[in-house]
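In case you want the letters, here they are:
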Amino acid sequence: MITQKEELLLPMKRDYKSRMFTMIFSKKEELLELYNAVSGKQYTNPEALTINTLENAIYMSMSNDVSFIIDSRLSLYEHQSTYCPNIPLRLFLYLADLYSGMIKDKNIYGTKKIMIPPPHFIVFYNGSEKRDETEVMKLSDLYEIQEADVDLELKVVMININRGNNQQLMDTCRTLRDYSEYIYRMREYAKKEPIEIAAERTITECIREGILKEFLEQNRAEAMAMSIYEYDEEKHMKMEREDAFADGSREGQTRMLTLIQKMTEDGMVEQIPNLTSPDFLEEMLSKYDLAR
């Protein structure tokens, strides 16, 4: 027998394309508002913006969140509820896929220059792990050999959009501020109530108070399902980390202490807090050959 929660989550498979952030900012009006707030521009015509978000990236078998062109500049926006140090590499692959689509009818081997829009990369972070208001992540951070002068670089600006962070940005982009408030309430209520009740309470309150009102009224069922799915996914990843390293087992504690010791010996003390990220944790376990 299918429960109410399972019924809500039926369309929310792992390959489901629209997360709530993506769904909100797939509309040109909201996306232009966000772009203006981030870039400091003052564009007023949403039709000046061309959305070219990948439906299914070749290398990752998944879609990127939002990508678009305006004023001959290409912007790739990603939303992350879990810190991922590999995001520069993922965006590099997305970029290659986007450029491939742009030049597919042009002669890349010819003598004439093929002009391409310069890219800009931004990650909007709203995970529960405490992060700085703004961080810069680089592709070169992932190189096995660290060199002073690299031939290929890609920089990603990660912006913390959790409640209380980057207030000027939030004041400039009301939709982003509303989204941040929605997520904050959802998490707070889910600490005390079943997830379905927390989601319903959050949606009802936000509509009543004018927070994402139009979006939630038009997409109430989808917002409900996405909120439950994303919260469950975040909770599951957190539990996996706790089960592996914080369950009190002697083996888990020994493995973690060994990993911290090796990172300390290699001068990676500042990176130790990043072990709360599942991707970074797996990377370090593999680097030092410490199987889970």
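This one's a predicted model, so the numbers in the text were calculated from it and none came from an experiment. (Residues numbered from 1 in each chain as written. Predicted model: local features only at pLDDT ≥ 70, side-chain atom pairs only at ≥ 80, totals over all residues. Heavy atoms only, no water.)

Moving on, we come to the overall build of the protein chain. Helix and strand counts for the protein chain come out as 11 helices and six strands. Counting over 292 residues, the protein chain shows a buried share of 44%. In the protein chain, the proportion of contacts linking residues at least 24 apart, taken out of those at least 6 apart, comes to 61%. (Helix = DSSP H or I, 4+ residues; strand = E, 2+ residues; numbered from the N terminus. Buried < 20%, exposed > 50% of the residue type's maximum accessible area, 1.4 Å probe, protein only. Contact = heavy atoms within 4.5 Å.)

With that settled, the discussion passes to the packing of aromatic side chains. Within the structure shown, the criterion is met by seven aromatic pairs. Connected via pairs of aromatic rings, a cluster forms that spans Phe-21, Phe-25, Tyr-35, Tyr-43, Phe-68, Tyr-77, Phe-124 and Tyr-179. Cation over ring: Arg-131 sits above Tyr-83, and NZ or CZ is 3.7 Å from the ring centre. Here the basic side chain of Arg-201 rests over the ring of Tyr-189, its NZ or CZ set 3.7 Å away from the ring centre. (Phe/Tyr/Trp six-rings, centres within 6.5 Å; stacked < 30°, edge-to-face > 60°. Lys NZ or Arg CZ within 6 Å of the ring centre and 35° of its normal.)

Once that is clear, we can look at the environment of Arg-90. Inspection of the secondary structure assignment puts Arg-90 in helix H4 (residues 87–102). Spatially, the C-alpha atoms of Arg-90 and Leu-139 are 9.5 Å apart, while their sequence positions differ by 49 residues.

Following the criterion strictly, the structure yields 14 salt bridges and no others. Notably, a salt bridge pairs Arg-220 with Glu-200, separated by 2.4 Å at the nearest N-O pair. Linking Arg-220 in helix H9 (residues 220–245) with Glu-200 in helix H7 (residues 195–209), this pair joins segments that are 20 residues apart in sequence. Of the charged contacts in the structure, one is a salt bridge between Lys-213 and Glu-217, with a shortest N-O distance of 2.8 Å. Residue Lys-213 and its partner Glu-217 are located together in helix H8 (residues 213–218), separated by four residues, close to a single helical turn. In the salt-bridge network here, residues are joined through shared partners; they are Arg-163, Glu-181, Arg-185, Glu-193, Arg-201, Glu-205 and Glu-209. (Salt bridge = Lys/Arg side-chain N within 4 Å of Asp/Glu carboxyl O.)

Without other data, these values stay purely geometric and don't point to any function.
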